[in-house]
Amino acid sequence: NNLKSRTERKNSTSSCKIAIACLLCLTRVQRESSIFRMHFHVFSLLLATATSVHAFAPNSKVNNNARTSALRMAEVSNISGPPFSGPSSKPILDSVKYPSDMKRLNMRELKQLAHEVRWEVLESVSKTGGHLSSSLGVTELTVALHYVFDMPEDDIIWDVAHQCYPHKILTGRRDKMSGLRQLGGISGFCKRKESEYDSFGAGHSTTSISAAQGMSIAKSLLNKRKNNCVAVIGDGAITGGMAYEAMNSAGYLRSRMIVILNDNGQVSLPTGTPSAGGTVPASQLSAYTSKLLVSKPFQDFRDFAKSFNKLLPEGIQDVNKRIDEYARGIVSGGTLFEELGFYYVGPVDGHDLDNLIPILEKLRDSPNDKPVLLHLKTIKGYGYPPAEAASDKMHGVGKFNLATGMQLKKSGGTPSFTSIFANALIDAAVEDRSVVGITAAMPGGTGMDIFGRRFPKRTFDVGIAEQHAVCMAAGMACEGLKPFCCVYSTFLQRGYDQVVHDVAIQNLPVRLILDRAGFVGNDGPTHHGCYDLSYLGCIPNLTIMSPSDEIELKNMVMTCAAFDDGPTVLRYPRGNGYGAEKLQSLFGYKLENGEIPAKGEVIEIGKGRIVRGPGAMIDTSSSTRGKERKDRVAILAFGTRLHEALIAANEVEELDDRLSVTVADARFMKPLDVDLVRELADDHGVLITVEEGSIGGFGDHVLHFLSLDGLMDDGNLKFRPMVMPDTYFETATQHEQYDQAGLNSQHIRGTILRLTKRIKVPVLEEVEAE
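Worth saying up front: this structure is predicted, and the values here are computed from it rather than measured. (Residues numbered from 1 in each chain as written. Predicted model: local features only at pLDDT ≥ 70, side-chain atom pairs only at ≥ 80, totals over all residues. Heavy atoms only, no water.)

A. How the structure looks around the environment of glutamate 339. Within the secondary structure, glutamate 339 is located in helix α14 (residues 335-339). When the C-alpha positions of glutamate 339 and asparagine 248 are compared, they lie 9.0 Å apart, and in sequence the two are 91 residues distant. (Helix = DSSP H or I, 4+ residues; strand = E, 2+ residues; numbered from the N terminus.)

Written out as C-alpha cells, the structure reads:
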C-alpha cells in the first residue's frame, strides 16, 4: 500500500507471484506436515495481497477496463439536458427482428444496437406507461444474452420480468410495443402464450432460479442436445427466501445453469424510504454485494495459474485449486455463493459489452456442470438522466414527456386510497406508540413511504419477503405492538401459510393491510387482487373488512388499531377517493361544512349499514313503487363496488316507477352482519351481492348463510352473486377489466332488470335458430 511508483507496484506484484510459486513447490514436499498448513495460509494471504495490489494500482492494465467502465457510467449519469432525445433513425435495430439476426453483428454494431433498443424502450413507454428503469438497466445485458445464446432452444428466464421490454423488442414484438399493457395488446411481463421466446411467465419475484433449475434437469433427463438455462434475477428479488432454497438445491444437485445477479442497489420501491434500517437498501445482502471488487484480476490470475499449474505435479495442482477458491472468497466476498455450491464470477460491469459477451461465451461453452453465479453491477435507468436522478428511478411510470422526463399526470383530483390509508395510520400512530408499519419492499405502493417519513423508527421494510413480514408481525404482536403488515393483495399469496400457522391459529392481533384489492389495470393477471376474499375467508379467527369510500377507509384504519381480540384484514383497491361532492350527492353523506372528516372513527365490528332506501335519490311520488315483493330489490355491496351499485339503483328507478331498490354496505365479510342480511332477505324479492373478488368470496358467504338460515326455502327470494368470472383478465384499464367482468353499473342494472323480468334473457337455442 505504500508503494508509489508504477515500477515499485509492478515489482511488488511480480515478487508476490514468485513467492507463490516457491510456496507451491514447498507444499509438495511438506504437504503432510503442520508446516504445510502454515504455508497454505501464508499462500492465501500472499495471493490476496498480490491480486489486491494489482487490482488497485491506478495504472494497472488489469484494472483499466473496470476504471474505464466506471468513468463511462459516471459520464452517462451527467449527460446535459433537458431536452433529451434519441437517434433520429435506428438502422441496426431495423435489421434485427429476431435474435438470429444479431449473430452477424460485430461489437461496434452490438453497442449501437443497445443504444437504439434503449431509445426504442423510452419512446414506447413514454406513450403507454410501464416499467421503465428496470428495462433501461438491462439493455446491454439483453443484447449480450441474445447474441451469445440461441433462444428458444436455450432458455432465458427473467425474474419478475418487468425488465423484459428490450427482450420483447428483440424477439419479434417491436411492432407491438405501441399496445404495451393496453387492452388487446402485449403484456408488460413475459408470457409463454405470447411468444416462444418467453421461456417462463412471471410478474411476481424470486421464481427464476427454481424455474431454470427445473428446465436444466428436464433437458438433462431428456438428453437434449444443448442445456443452457439462464436465470436473470435482481438484487431486490434475491432477497426472497425462495432464491436461496433454489440455490441450495441447485448446488446440491449440481444442476447446470447460470444465475445472473443484476445488482443495481434498488431493492425497494422506492429505495431510500426512511425506516428503522435507515435509508439504505432494505437488504444486508445488498450491503454485502456492494463491497465486492471488480473481478478482472482474478480472471487474469487464473489464466496465469492455469498455465503455471500445468508444470506442477498433480498434488500441487489440487492445492492450487483450493487456494484459488479461498483467495476469491477473501478478496471478493464470493464465498457466500460458493458455499451454496455455485461458481462465483464477478462483479462485472453489466453495461460493458466488451467484457460481458466474452464472459457469457465462456460460461456457455464450459463443460462444467456446476451452477454459476455471474454478478453484474448495473445502473437502474441507465442512459436516461431523468430516470437515474429520480428517487424511484422512474421504476413504474405513466405517460411522460420524453424530452424532460416529466410525467403527464392529471392536475388536482382526489387523494389515492393508498395515501388516505397512510395518513390515517399516522393519525393512529400519533395516539398510540405501539402502532408500527411493515412493508415487503413496496413502501411507495403501500403508503409506508408516507408513514416512514413521519415515523422512521416504527417503519420496517423487510425486502421481498412476505412470509417473513407476516411472521415478524406475529412476533411483534406477541410482545404488545400493533403491527400493520402492508402488502399488495396479490403478494400476500406468498405469505399464506404464515397467515394460517403463525397468525390465525394463535389468534394474534396482526393487522393485514391489502392494497390493490380487485382489478389493478395494466399489470394484468399476475397482479390482480382477486383471490384474497376466497383464500382468507375460510380461515377461522380472521376479521375481514373492506371500505366503500375514503371516509369508511379512515374509519376502518382506526377500527383495526383499536381491535386487539384477533387478526384483522383490511382490503381496498387501487384508485382514488370520490371527494366531498360525490360523497354527498351519491353516497348520501351529510358532511359538516361540506368537508370530509380529517380523522376516522372506530366502527362496530361486524355491522353493515343501509346507504340508500327505496326511491331515495329521485322523485318518490309514485304510489306504486315497490308495492309487490317481487318489485323490491336489495343490493348488498362489499367494497367500492358500492359506487356502481348506487348508480345502478338510481338508473333502475328512473326506468321503472314500480321498482324500488335498496342499497346496503356490508362493510364486513367476517363476521357477516347476519341481522342486515335477514332484514334484506325478509323484505325484498331480489337480493344481489356485488364485490371485487373471485368465486368463493363474499357472495358465497352470504349464500351459505341464507341457505343455512332457511331464508330461501319458501321460494320468495331470488339471489344472485356478482363476482369476477372464473378466468384470468389480461392487461387493460381497471374500468375495461370491470366491464369485461360484468361488474360496472350497467351490468348491475341489467341483472336487476332480468331478475324482475323487465327484459327477456335470450335463450341460446333461439339465438342459434335465428
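Structure's up, so let's keep going.
B. Looking closely at the pattern of salt bridges. In total, this model carries 41 salt bridges according to the counting rule given. Linking lysine 103 and aspartate 150 is a salt bridge whose minimum nitrogen-to-oxygen distance equals 3.2 Å. Taken as a pair, lysine 103 in the loop between α4 (91-94) and α5 (107-128) and aspartate 150 in the loop between α7 (139-148) and β2 (155-158) lie far apart in primary sequence, 47 residues in all. Of the residues examined, aspartate 150 reaches a relative accessible area of 34% and is grouped as partly exposed. Across the pair lysine 607 and aspartate 675 runs a salt bridge, and its minimum N-O distance is 3.3 Å. In this pair, lysine 607 is assigned in the loop between α24 (580-585) and β14 (609-612) and aspartate 675 in helix α26 (residues 674-683), connecting sequence segments 68 residues apart. Judged by relative accessible area, which is 28%, lysine 607 ranks as partly exposed. Through salt bridges with shared partners, one network takes in Lys90, Asp94, Glu120, Glu123 and Arg174. (Salt bridge = Lys/Arg side-chain N within 4 Å of Asp/Glu carboxyl O. Buried < 20%, exposed > 50% of the residue type's maximum accessible area, 1.4 Å probe, protein only.)

C. Molecular detail of the packing of helix α20 (residues 466-478) against helix α21 (residues 496-504). Direction vectors running N to C along α20 and α21 enclose 10 degrees, while the axes themselves pass 9 Å from each other. Viewed along their axes, α20 and α21 adopt a mutual orientation that is roughly parallel. Across the interface between the two elements, Gln467, Val470, Cys471 and Ala474 from α20 touch Gln498, Val499, Asp502 and Val503 from α21. Here the contact of α20 with α21 is composed, by residue class, of 5 nonpolar, 2 polar and 1 charged. (Axes fitted to C-alpha atoms, helices over the stretch in contact; angles between N-to-C directions. Parallel < 35°, antiparallel > 145°, perpendicular 65-115°, else oblique. Contact = heavy atoms within 4.5 Å. Nonpolar A, V, L, I, M, F, W, Y, C, P; charged D, E, K, R; others polar.)

D. Up close: the packing of aromatic side chains. Scanning the entire structure with this criterion turns up 14 aromatic pairs. Seen in terms of ring centroids, phenylalanine 451 and phenylalanine 455 are 5.4 Å apart; in terms of plane orientation they differ by 45 degrees. Their pairing is tilted. We classify phenylalanine 451 as buried; its relative accessible area is 0%. Ring geometry for tyrosine 496 and tyrosine 535: centres 5.3 Å apart, planes at 85 degrees, overall edge-to-face. (Phe/Tyr/Trp six-rings, centres within 6.5 Å; stacked < 30°, edge-to-face > 60°.)

E. Highlighting the sheet that holds strand β3 (residues 229-234). The strand order β2-β3-β4-β6-β5 describes an open sheet built from 5 strands, whose pairing is parallel. Edge positions in the sheet fall to β2 and β5 (343-349), since each has one partner strand and no second. Within the sheet, the average angular offset between the axes of one strand and its neighbour, ignoring direction, is 20 degrees. In terms of strand pairing, strand β4 (residues 258-263) meets strand β6 (residues 372-377) through 6 bridges, oriented parallel. The residue bridging asparagine 262 from the neighbouring strand is leucine 376, located in β6. (Pairing = 2+ DSSP bridges.)

F. Focus on a nonpolar patch on the surface. Together, Ile217, Leu221, Leu222, Tyr252 and Leu253 make up an exposed nonpolar region whose accessible area comes to about 580 Å². Considering the arrangement of structural elements, one finds isoleucine 217 in helix α9 (residues 208-221). On the basis of relative accessibility, which here comes to 32%, the residue isoleucine 217 falls in the partly exposed class. (Patch = residues over 30% accessible without salt bridge, like charges linked within 9 Å, V, L, I, M, F, W, Y side chains within 5 Å. Areas by Shrake-Rupley, 256 points an atom, 1.4 Å probe, with all protein chains shown as cover.)

G. Highlighting α21. All of the buried residues in α21 are Gln498, Val499, Asp502, Val503 and Ala504. Taken down its axis, α21 places every buried residue within 155 degrees of arc, on the same side. Looking at the buried positions of α21, the neighbouring elements they touch are α20, β11 (511-517) and α22 (532-537). (Arc of directions from axis to C-beta.)

H. Structural view of unusual backbone geometry. With an omega of 5 degrees, the peptide bond running from methionine 151 to proline 152 counts as cis. The residue proline 152 is located in the loop between α7 and β2 in this model. Cis geometry is adopted by the peptide bond preceding proline 671, which originates at lysine 670 and carries an omega value of -10 degrees. With respect to the helices and strands, the residue proline 671 is situated in the loop between β17 (668-670) and α26. Positive phi is not limited to glycine here, since asparagine 223 has a value of about 55 degrees.

I. Focus on the confidence of the model for the chain. Per-residue confidence for the chain gives a mean pLDDT of 84, with 79% of residues at or over 70. Confidence drops under pLDDT 50 across residues 1-15; counting only partners more than four residues distant or on other chains, this segment forms 12 contacts. Below a pLDDT of 50 lies the segment residues 21-78, which in the model reaches 85 contacts outside its immediate sequence neighbourhood of four places, other chains included. (pLDDT = per-residue confidence, 0-100.)

J. Spotlight on the sheet that holds strand β18 (residues 686-694). With mixed pairing, 5 strands are arranged side by side in an open sheet as β14-β16-β15-β18-β19. A strand with exactly one partner marks an edge of an open sheet, and here the two such strands are β14 and β19 (718-724). Going across the sheet, the axis of each strand differs from the next one's by a mean of 25 degrees, ignoring polarity. When strand β15 (residues 632-638) meets strand β16 (residues 660-665), the two strands line up parallel, connected through 6 bridges. Paired with valine 633 across the two strands is valine 661, which belongs to β16.

K. Spotlight on the pairing of β3. With 6 of its 6 residues buried, β3 lies for the most part within the structure. The alternating pattern of β3 places Cys229, Ala231 and Ile233 and Val230, Val232 and Gly234 on opposite faces, both of which are buried. With 4 bridges joining them, β2 and β3 adopt parallel strand pairing. Paired with tryptophan 158 across the bridge in β3 is valine 232. Relative to β4, β3 runs parallel, the two being bridged by 5 bridges. Residue pairing across strands places valine 232 opposite isoleucine 260, the latter belonging to β4. Handedness of the crossover is the feature at issue here: the chain leaves β3, passes through helix α10 (residues 241-253), returns alongside β4, and the resulting connection is right-handed. (Right-handed = clockwise from strand over helix to strand, strands pointing away.)

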